[in-house]
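Summary of the model geometry
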Amino acid sequence: MLNLTHLKVLEAVARHRSVTKAANELRYSQPSVSHHLGRLEATTGAKLVQRVGRGIRLTPEGELLAQRATEILGRLDAASVELAARVGLRAGRVRLAGFQTVLSTLVPKAAAALSQSYPGIELNIVDAHPVDGLGMLRSGQVDIALIFRNADTPPDEAAGFRLTHLLDDPVYLVSDRPDQRLEDHRDSAWVGGCERCRAATISACERAGFAPRIAYFCDDTVITQALVGAGMGVAIVNGLALRAHRAPGVYATPLAESPRRIYTATYGDPPDPPATTALIEILRTLN
């Protein structure tokens, strides 16, 4: 039978790719870590770790088991929090993954409201792209992931994710001049973001009859607006980004494009733990 201590050791070794670093994190001796790995190999009948020079690497079997160990330990941690939360909202914890613009606008207000209404609940926050946030949610590392979907992308509720719509986030053309149209910038340089955001910009321009010349690739909306304000190009920016930061000399013209949609995502069968439900309800009231 698999031992949780052995799985915890394997997960730490896989994450650090080092017995020494895993031992330091777990506060074990290096021989103790090696002993646990040996016992786990004996239990599973599989070679999990290989020595490579002065370091180590996981075998394919080791990688598979380490991935499952991460999920198991995350779920176990979540279960202990859920059980404590069943006693009531006097205590508990909720872990949230979110992307930059929601973390700088919605989440601080939600955190303050949660602390005021339920001072016994601990809130942990991690900055993560929606794709990474969903991965963390699936593996049990967080309880809620804040994600977005462009209007032409249907919400994906497969694989056990459950989505709650929070708000529609409008899109704007940002330039150094007021009252601009997409068509005015057929020959302009454009600032593009991540692949998903860049695809939305390209689609909007194509609907306006041209292909944008993306000269700058940047996910940071502060830098994007700085480039626009300096007259180096134009960009399509969402409303939450402008709410979080508005650079001087930048004009925002609303577009008829459909807004992107912001959701909370949870994982697994309902109901969610009370602390998770409480935070989602607070997020919904902020819009």
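The coordinates are above.
Anyway, here's the lowdown on the structure attached to this text. (Residues numbered from 1 in each chain as written. Predicted model: local features only at pLDDT ≥ 70, side-chain atom pairs only at ≥ 80, totals over all residues. Heavy atoms only, no water.)

Notes on helix α1 (residues 4–16)
For clarity, the cut-off: Each helix is a run of H or I in the DSSP string that is no shorter than four residues. Each strand is a run of E no shorter than two, and both are numbered from the N terminus. Each residue after the first adds 1.5 Å to the expected span of a helix. Here a polar contact is taken to be a pair of N or O atoms separated by no more than 3.5 Å, where protein atoms must pair a possible hydrogen donor with a possible acceptor and residues adjacent in sequence count only if both atoms sit in side chains.
The end-to-end C-alpha distance of α1 is 18 Å, a good match for the 18 Å that 13 residues give at a rise of 1.5 Å each. Structurally, the start of α1 carries an N-cap: the backbone nitrogen of Thr5 is 2.7 Å from a side-chain oxygen of Asn3. Taken from the residues just after α1, Arg17 is the one with a positive phi, measuring 55 degrees.

Regarding the sheet that holds strand β7 (residues 171–175)
The cut-off we apply is this: By definition, two strands form a pair when at least two bridges between them are found by DSSP. Each axis is a line fitted through C-alpha atoms, taken for helices only over the stretch in contact, and angles between the N-to-C directions span 0 to 180 degrees.
Taken together, three strands build an open sheet; the order of strands is β10-β7-β11 and the sheet is antiparallel. Taken across any chain shown, the strands that pair with only one partner, and hence form the sheet edges, are β10 (235–238) and β11 (251–254). Taking each pair of neighbouring strands and ignoring which way they run, the sheet shows an average axis angle of 40 degrees. Sheet topology note: the β7/β10 ladder contains four bridges and is antiparallel. Counted as the bridge partner of Tyr172 is Val237 from β10.

Some details on unusual backbone geometry
Put simply, the test is: Categorising residues by exposure relies on relative accessible area from a 1.4 Å probe, with only protein chains included: less than 20% of the type maximum marks a residue as buried, more than 50% marks it as exposed, and the intermediate range marks it as partly exposed.
At Arg17, a residue that is not glycine, the phi angle is positive and equals roughly 55 degrees. With respect to the secondary-structure elements, Arg17 resides in the loop between α1 and α2 (19–26). Its relative accessible area of 40% is what places Arg17 among the partly exposed residues. Non-glycine residue Asp179 carries a positive phi angle of around 55 degrees. We classify Asp179 as exposed; its relative accessible area is 70%.

Re the nonpolar core
Spelled out, the test is: Each nonpolar core is a collection of buried residues, namely Ala, Val, Leu, Ile, Met, Phe, Trp, Tyr and Cys, held together in the definition by side-chain atoms within 4.5 Å. Any two residues whose heavy atoms approach within 4.5 Å at even a single point are treated as in contact.
If you look at the biggest cluster of nonpolar residues, it comprises 23 residues, and the most contacted ones within it are Val94, Val102, Leu114, Leu146, Ile262, Leu279 and Leu283. Sorting elements by how many residues they give to this core places helix α11 (residues 274–285) first, with six residues. Those residues in contact with Val102 that lie beyond four places of it in its chain are Val107, Pro108, Leu146, Leu240 and Ile262.

Focus: the pattern of salt bridges
Our working rule: A pair is scored as a salt bridge if a Lys or Arg side-chain nitrogen falls within 4 Å of a carboxyl oxygen belonging to Asp or Glu.
Within this structure, the stated rule accounts for eleven salt bridges. A salt bridge links Asp168 to Arg261, with the shortest nitrogen-to-oxygen separation between them at 3.7 Å. In this pair, Asp168 sits in strand β6 (residues 161–169) while Arg261 sits in strand β12 (residues 260–267), placing the two residues 93 residues apart along the sequence. A residue is classified by how much of its surface remains accessible, and Arg261, at 30% relative accessible area, is partly exposed. Asp169 serves as the salt-bridge partner of Arg260, at 3.2 Å between the closest nitrogen and oxygen. Of this pair, Arg260 sits in strand β12 while Asp169 sits in strand β6, placing them 91 residues apart in sequence. We note that Arg260, like Asp169, is buried. A cluster of three or more residues bridged by salt bridges with shared partners is formed by Glu11, Arg15 and Glu25.

Focus on a nonpolar patch on the surface
Threshold: Grouping into patches uses exposed residues only, defined as over 30% relative accessible area, and leaves out salt-bridged ones; the cut-off is 9 Å for like charges and 5 Å for nonpolar side chains (Val, Leu, Ile, Met, Phe, Trp, Tyr). The accessible surface values rely on the Shrake-Rupley method and a 1.4 Å probe; as for residues, cover is taken only from the protein chains in view.
A cluster of nonpolar side chains, Leu4, Ile72 and Leu76, forms an exposed patch at the surface whose accessible area comes to about 250 Å². Residue placement: Ile72 occurs in helix α4 (residues 60–86). Residue Ile72 is classed as partly exposed on the basis of its relative accessible area of 36%.

What about the packing of α1 against helix α3 (residues 30–44)?
Definition in use: For this classification, under 35 degrees means roughly parallel, over 145 means roughly antiparallel, 65 to 115 means roughly perpendicular, and everything else is oblique. If you view the pair so one helix is near and one far, a crossing is left-handed when the near helix is turned anticlockwise from the far one by less than a right angle, and right-handed when it is turned clockwise. Asp, Glu, Lys and Arg are counted as charged, while Ala, Val, Leu, Ile, Met, Phe, Trp, Tyr, Cys and Pro are counted as nonpolar; the rest, among them Gly, fall into the polar class.
It is the contact of α1 with α3, at a shortest axis distance of 9 Å, that shows an interaxial angle of 115 degrees. With respect to their mutual orientation, α1 and α3 come out roughly perpendicular. The chirality of how α1 crosses α3 is left-handed. From α1, Thr5, His6, Leu7, Val9, Leu10 and Val13 reach across to α3, where they touch Val33, His36, Leu37, Arg39 and Leu40. When the residues that make up the contact of α1 with α3 are grouped by side-chain class, the tally is seven nonpolar, three polar and one charged.

Thoughts on the sheet that holds strand β3 (residues 92–98)
With mixed pairing, the five strands of this open sheet are ordered in space as β4-β3-β5-β12-β6. Of all the strands in the sheet, just β4 (121–127) and β6 have a single pairing partner and so form its edges. Within this sheet the neighbouring strands show an average axis-to-axis angle of 25 degrees, counted without direction. Alignment of strand β5 (residues 144–149) against β12, held across five bridges, turns out to be antiparallel. Bridging from a neighbouring strand, Ala145 pairs with Ala265 of β12. Packed on one face of the sheet, helix α7 (residues 130–138) meets β3, β4, β5, β6 and β12 and runs near 145 degrees to β5.

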